[in-house]
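Structural overview for review
Letter by letter, the chains look like this.
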Amino acid sequence: MHSPLAPVKKAVVRERNNKEWILNLTSAGPKREEALSDLSAILLAGLRAALRGWTRTRGREFDSLADDFVQETLMQILDKIGTFRDLSRFTTWAHKICIRIALTELRRKRWQDSSLEDLAEQGRMMSDMRSDSPKDAVHSGMNIQLLMKMMTEELSEKQMAALGAVAIRGMPLEEAARRLGTNRNALYKVLHDARLKLKGRLIRDGMTLDDLAN
Amino acid sequence: MKRLSRVLSTFFRTVRTTRMTAPVETPLPCPTGLLKMIASTGDDEIDCAGAFDLMHRYADLICSGENPAELFSAVKRHIEICHDCREELEALLRAIHAGDYLSARGLPAAGKWRP
């Protein structure tokens, strides 16, 4: 049985300019169906390349996953097609929406099985990192304890939790936001404020921007 | 001292309750990376929604060989700092190239769209 997105005929996707995409997708009848089918094929080809390294991009499992992402993308595109401004290629705008949908879901899946054992192991790695001054910390590139100390002295509890999740643990923003009961943009704002505070503190402690960056 | 203890306690409680652990394949971010992120911090930064709004235009400029930073310096700065948006831009560029390559070669049409 074919996946709904499996090639069922060897017709070639017709090239369209932005105006044609909008016209076809907002029309009724065969032209709309053809445009949706062509856009599905373009998005699917894009996903196969975009998701390399994230998941296996061959086989039925991927076909099913990609089908879900593409269908969700098409629904969102049809819903917000009126917001598209003719300042880029239409297909780039469509790919962008598809990538956001796919990566949000894959990140969620990747992190849902993270275990407490992983945390304990990371905690041991972190506790092995030592040095005495900010400059030593930078030069060794390994001292997280000193940073943790600055974080506790400079940041609010909310900022600590956010920075701990995203910058220390490497958790994706949306997943961290979901677990912290906020949203991606609000979390970014919290992180920005936290980084500003830490930057000020490190500079007060005698670090230069070159020290920080190198 | 009390504050330090309280904050640390909250931090590790949050870690426990939110299971903030990296998956096996994700490397532990090192403090050097965090320091670089702090060094790049500017007073005014756009958030992820602001970067997302402009990301397709930014990507098209890259694909056409232009320098997007001239027009979209705020997006460039955001992408340097925001790992998630950087991943999305990289994935978007791969998608654009793949779509263009296959379109040029004649892409088999997909199945019917499922309403």
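Since the structure is predicted, the reported quantities are computational estimates derived from the model, not experimental observations.

All right, on to the overall build of chain A then. Helix and strand counts for chain A come out as 11 helices and 0 strands. Secondary structure elements of chain A, listed N to C terminal, follow the sequence α-α-α-α-α-α-α-α-α-α-α. Relative to its full complement of 214 residues, chain A shows a buried share of 51%. Contacts in chain A between residues at least 24 apart in sequence constitute 57% of all its contacts with a sequence separation of at least 6.

Another aspect to go through is the confidence of the model for chain A. The predicted coordinates should not be examined in detail at positions where pLDDT is low. Residues and elements named next belong to chain A. On average, residues of chain A score 82 in pLDDT, and 79% of them reach the 70 mark or higher. Predicted confidence in chain A is weakest over helix 5 (residues 116-127), with a mean pLDDT of 44, and strongest over helix 1 (residues 18-25), with 96. Between residues 1-10, whose pLDDT stays under 50, and residues either more than four places distant or in other chains, the model counts 26 contacts.

In the structure shown here, the tally under the stated rule is 22 salt bridges over all chains. We note a salt bridge from Arg100(A) to Glu88(B), for which the minimum N-O separation is 2.8 Å. Note that Arg100(A) is positioned in helix 4 (residues 90-112) and Glu88(B) in helix 6 (residues 83-105), a pairing that runs across two chains. A residue is classified by how much of its surface remains accessible, and Arg100(A), at 16% relative accessible area, is buried. With a relative accessible area of 2%, Glu88(B) lands in the buried category. Note that Glu153(A) is salt-bridged to Arg201(A), the shortest N-O span being 2.9 Å. Taken as a pair, Glu153(A) in helix 7 (residues 145-154) and Arg201(A) in helix 10 (residues 184-204) lie far apart in primary sequence, 48 residues in all. When its relative accessible area of 37% is taken as the criterion, Glu153(A) is described as partly exposed. Look at Arg201(A) and you get buried, because its relative accessible area is 12%. Here the salt bridges share partners, and the residues they tie into one network are Arg100(A), Arg107(A), Glu174(A), Arg184(A), Glu87(B) and Glu88(B).

Glancing now at the environment of Met37(B). Relative to the elements of secondary structure, Met37(B) occurs in helix 2 (residues 31-39). Along the backbone, Met37(B) and Glu66(B) are 29 residues apart, and their C-alpha atoms lie at a distance of 26 Å. If near-sequence neighbours (up to four positions away) are discounted, Met37(B) is found in contact with Arg195(A) and Ile81(B).

Another point: the packing of aromatic side chains. Applying the stated rule across the entire model yields 4 aromatic pairs over all chains. With a centroid separation of 5.7 Å and 25° between ring planes, the pair formed by Trp21(A) and Phe90(A) is classed as stacked. On the criterion of sequence distance, the pair formed by Trp21(A) in helix 1 and Phe90(A) in helix 4 is long-range, its members being 69 residues apart. Like Phe90(A), Trp21(A) is buried. Measuring from centroid to centroid gives 5.6 Å for Phe90(A) and Trp93(A), while their planes differ by 45°, and the two rings are tilted. Taken together, the residues Phe90(A) and Trp93(A), both in helix 4 and 3 residues apart, mark about one turn of the helix. Judged by its relative accessible area of 0%, Phe90(A) is buried. Pairwise contacts between aromatic rings join Trp21(A), Phe84(A), Phe90(A) and Trp93(A) into one cluster. The ring centre of Trp21(A) lies 4.6 Å from the NZ or CZ of Arg16(A), which sits over that ring. Sitting above the plane of the Phe52(B) ring, Arg100(A) keeps its charged end 4.3 Å from the centroid.

On to the environment of Ile79(B). Residues and elements named next belong to chain B. By secondary structure assignment, the location of Ile79 is in helix 5 (residues 73-81). Between the alpha carbons of Ile79 and Leu89 there is a distance of 8.2 Å; along the sequence they are 10 residues apart. Beyond its immediate stretch of four places on either side in the chain, Ile79 contacts Tyr58, Arg86 and Leu89.

The rules behind the values
- Residues numbered from 1 in each chain as written.
- Chains lettered and ligands numbered in written order.
- Predicted model: local features only at pLDDT ≥ 70, side-chain atom pairs only at ≥ 80, totals over all residues.
- Heavy atoms only, no water.
- Helix = DSSP H or I, 4+ residues; strand = E, 2+ residues; numbered from the N terminus.
- Buried < 20%, exposed > 50% of the residue type's maximum accessible area, 1.4 Å probe, protein only.
- Contact = heavy atoms within 4.5 Å.
- pLDDT = per-residue confidence, 0-100.
- Salt bridge = Lys/Arg side-chain N within 4 Å of Asp/Glu carboxyl O.
- Phe/Tyr/Trp six-rings, centres within 6.5 Å; stacked < 30°, edge-to-face > 60°.
- Lys NZ or Arg CZ within 6 Å of the ring centre and 35° of its normal.

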